[in-house]
There are 2 protein chains.
Amino acid sequence: MRQQPELIITVLTAPGDPEPLGIEAVRARAEVRFAYDEASLTATLPGTDVLLVTDFRTEALAAAWHTADRLQWIHAASTGVDALMFPALIDGPVIVSNASGTFDYAIAEYVLCTVLMFAKDFHNSVRLQVQHQWQHRTTERVDGKRVLVVGAGSIGREIARLLTAVGMQVHGIARTERAHDPDFISVRSQAELHAELAHADYVVIAAPLTPQTHGLFDSTAFKAMRSTARLINIGRGPIVNTADLVTALREGQIAGAGLDVFEQEPLPESHPLWDMHNVIMTAHMAGDAVGWEQALMNQFIDNLEGWLAGKDIFNQVNKKLGYAG
Amino acid sequence: MRQQPELIITVLTAPGDPEPLGIEAVRARAEVRFAYDEASLTATLPGTDVLLVTDFRTEALAAAWHTADRLQWIHAASTGVDALMFPALIDGPVIVSNASGTFDYAIAEYVLCTVLMFAKDFHNSVRLQVQHQWQHRTTERVDGKRVLVVGAGSIGREIARLLTAVGMQVHGIARTERAHDPDFISVRSQAELHAELAHADYVVIAAPLTPQTHGLFDSTAFKAMRSTARLINIGRGPIVNTADLVTALREGQIAGAGLDVFEQEPLPESHPLWDMHNVIMTAHMAGDAVGWEQALMNQFIDNLEGWLAGKDIFNQVNKKLGYAG
């Protein structure tokens, strides 16, 4: 058993964020410090054993990294750990874990909702409602439609299961091809992405942001998609080239986009995406269903208690790949 | 085999409607006449053997009924036949059939979409998008939530199956209680509606409009519902007392309403429902997915061909109950 009295845990939040829900349980086990930017992290990182990162967009850690003198473990209270993947951390001994599993089902429901909204043209029904306009239209059915989920990790898998449950035909793209996957009709490698895009009615990005996925959806990818297809991104904004997406939507290369994540968040007020009637968007909240903050803290406490009792840390991120695998 | 050359089929459409898609197939089998109001129907009904009604709101038939001298069969190209259920028709020998089955799956998808939109607050995300507002909110999950489907006919059953597939707990209300239903956890009788309403997170009206269901959802019903519950109506507008619904939504007796049908259609431009942020609405189109008009005509042709060959008409409406049972 590690000596608990000496344990120091620093919580790295976004500037202005309140203390994370449930932090008392951490205080019962360690000295808890808070940081929210480079200066405050530089002041708190020396002596810190464990870093809990709740700001998935942080740039402070890379900047303050030289002051980490005793750090053993970084837990990200998010699925994506792209903001943490700088060379000194990747190449060093510090363990990184993430919140894999916490958001999966809520995100799958969100994706199903956007798929159905596109099929039923429900985003435009809301616009018509705002304008007091009664306008009958013919809609689409989703059963039997083909989906390509890019990213076959735990979130992609949950999406596949839920969309299959409503009668959709779900295929996947992973880093490497897989035979006989229980949740996907087929799983091809990223090298076959463009060939697969040509067959999909809905394309869902559920991949981590890594050097391999950065800008993966560019004009070439959009040209490979069907003009009737919709793109849904619940992964990370920079996987999509936003300028190319706007062009693809304007020129009818694809039929629509459902976006919860963006290259720049919040999306700038003047961005053309806001006004596009073939775009459905939300404020990076797809996974944040009731109880999400407590669930994140519970998961960290579970991991912490195990570690203090000498067990392996779970949800460890493969730092070479950039995600928990 | 009935003598086809003498067969006369009149098509009763809404004023201004084009000829129904696929009507050529009917012309190949009969003399086809058209009517759209009392005067035109009074002129065409004498000599008519079969009446195809595509206007589910028609008031012309009751008015012109005294001129029907040879009518044997009325086929409604809709699931609801409430507009046809006047005493002289109910009590007479003319057979009535409906389009039961054609719209079921599309309507089930529509209901699932509205359920998910309420859980994810997606109608308000569209409003925020229109205003260029980035606003993170915590959402809900739908799995494990309890649904009460009022009306356990073919549409209600398809809704139950689809909502069950995404992890919801689905109960039903039918005219009479049923034990061991394959699609519902339980099916209680309408007498137990108010008791059941107290347990439901989502209440879906999938019942026909009959004297028994007219005004079924009134202030007493809304008071029996949970303040967090949402009502979804894809049945018929008059099953809901609209004034009571507006009060219930304003006073927080219920949390939201998803409406595809209304007491008055189109909904008047000045109606308070349009501006309510806890209301999702569409223009009586939940079942109208791509190919719906051809599917309706194919179903009528199938029924017509069978009848001409001496078979029983299928989808016959029990005129005492007011629906195909």
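Quick note: structure is the one above.
Keep in mind it's a predicted model, so treat the numbers as computed, not measured.

### Comments concerning the overall build of chain A
When helices and strands are counted, chain A shows 11 helices and 14 strands. With respect to the principal axes defined by its C-alpha atoms, chain A has extents near 65 × 50 × 30 Å. Across chain A, contacts joining residues at least 24 apart in sequence account for 61% of those joining residues at least 6 apart. When the accessible surface of chain A is totalled, it reaches about 12800 Å², and 51% of it is carbon and sulfur.

### A few points about the interface of chain A and chain B
Listed by partner, the interface residues are 54 residues for chain A and 54 residues for chain B. Buried surface at the junction of chain A and chain B, both sides included, amounts to about 4900 Å², of which 67% is carbon and sulfur. Of all residues in chain A, Gln129, His132 and Trp134 of chain A bury the most surface against chain B, accounting for 18% of the area lost on that side. Across the contact surface, chain A and chain B share two salt bridges. In this assembly, chain A and chain B are joined by 26 residue pairs in polar contact (both at pLDDT 80 or more). Broken down by element, the residue count for the side of chain A that touches chain B peaks at 10 residues, all from helix H5 (residues 104-120) of chain A.

### Thoughts on unusual backbone geometry
Residue proline 266 of chain A follows glutamate 265 of chain A across a cis peptide bond; omega there is -10°. Mapped onto the elements of the fold, proline 266 of chain A is located in the loop between strand E11 (256-259) and strand E12 (279-281). With phi around 55°, histidine 180 of chain B is a residue other than glycine that occupies positive phi space. With respect to the element layout, histidine 180 of chain B can be found in the loop between strand E7 (169-174) and strand E8 (187-189). Residues other than glycine seldom take positive phi values, yet asparagine 315 of chain B does so here, at roughly 55°. Tracing the sequence through the fold places asparagine 315 of chain B in the loop between helix H11 (292-308) and strand E13 (317-318).

### Quick notes on the pattern of salt bridges
Residue and element names in this part refer to chain A. Applying the stated criterion across every chain, the model contains 40 salt bridges over all chains. One salt bridge in this structure joins arginine 33 and glutamate 31, with 3.2 Å as the shortest N-O distance. For the salt bridge of lysine 320 with aspartate 91, the shortest nitrogen-to-oxygen distance reads 3.5 Å. Note that lysine 320 is positioned in the loop between strand E13 (317-318) and strand E14 (323-324) and aspartate 91 in helix H4 (residues 87-91), a separation of 229 residues in sequence. By the burial criterion, lysine 320 is exposed, and aspartate 91 matches it. Salt bridges here are not isolated pairs; linked through shared partners, they connect Arg157, Glu158, Arg161, Arg178, Asp181 and Asp183.

### Focus: the sheet that holds strand E1 (residues 8-12) of chain A
Residues and elements named next belong to chain A. Taken together, the five strands give an open sheet; going across it, the order is E2-E1-E3-E4-E5, and neighbouring strands pair in parallel fashion. This sheet does not close on itself; its edge strands, each paired only once, are strand E2 (31-35) and strand E5 (95-97). Pairwise comparison of adjacent strand axes, ignoring direction, gives a mean angle of 20° for this sheet. Note that E1 and E2 share five bridges and pair parallel. Its bridge partner lying in E2, threonine 10 is registered against arginine 33. Against the sheet, helix H11 (residues 292-308) makes contact with E1, strand E3 (50-53), strand E4 (73-76) and E5, and its axis sits at roughly 160° relative to E4, the strand it touches most.

### Topic: the packing of aromatic side chains
What the rule picks out here adds up to 14 aromatic pairs over all chains. Pairing phenylalanine 217 of chain B with phenylalanine 222 of chain B gives two aromatic rings, centres 6.3 Å apart and planes at 45°, and the pair type is tilted. There is no split in this pair, since phenylalanine 217 of chain B and phenylalanine 222 of chain B are both buried. Members of the aromatic cluster, joined through ring pairs, are Trp73, Phe300 and Trp307 of chain A.

### A look at the environment of glycine 258 of chain A
Residue and element names in this part refer to chain A. Assignment of secondary structure puts glycine 258 in strand E11. Residue glycine 258 is classed as buried on the basis of its relative accessible area, which comes to 0%. Considering only alpha carbons, one finds glycine 258 and arginine 230, 28 residues apart in sequence, at a separation of 7.5 Å. The contact partners of glycine 258, leaving out residues within four places of it in the chain, are Phe118, Leu231, Ile232, Asn233 and Ile280.

### As for the pairing of strand E9 (residues 202-205) of chain B
Residues and elements named next belong to chain B. Side-chain alternation along E9 places Tyr202 and Val204 on one buried face and Val203 and Ile205 on a second face that is also buried. Across four bridges, strand E6 (residues 146-150) lies against E9 in parallel orientation. Following the sheet pairing, leucine 148 is matched in E9 by valine 203. Examined bridge by bridge, E9 and strand E10 (residues 230-233) share four bridges and lie parallel to one another. For valine 203, the partnering residue across the bridge sits in E10 and is leucine 231. In the classification by handedness, the crossover that spans E9, the intervening helix H9 (residues 219-224) and the parallel E10 is right-handed.

Conventions adopted
Residues numbered from 1 in each chain as written. Chains lettered and ligands numbered in written order. Predicted model: local features only at pLDDT ≥ 70, side-chain atom pairs only at ≥ 80, totals over all residues. Heavy atoms only, no water. Helix = DSSP H or I, 4+ residues; strand = E, 2+ residues; numbered from the N terminus. Contact = heavy atoms within 4.5 Å. Areas by Shrake-Rupley, 256 points an atom, 1.4 Å probe, with all protein chains shown as cover. Buried area = accessible area lost by both parts, 1.4 Å probe. Salt bridge = Lys/Arg side-chain N within 4 Å of Asp/Glu carboxyl O. Polar contact = N/O pair within 3.5 Å; in protein donor to acceptor, adjacent residues only side chain to side chain. Buried < 20%, exposed > 50% of the residue type's maximum accessible area, 1.4 Å probe, protein only. Pairing = 2+ DSSP bridges. Axes fitted to C-alpha atoms, helices over the stretch in contact; angles between N-to-C directions. Phe/Tyr/Trp six-rings, centres within 6.5 Å; stacked < 30°, edge-to-face > 60°. Right-handed = clockwise from strand over helix to strand, strands pointing away.

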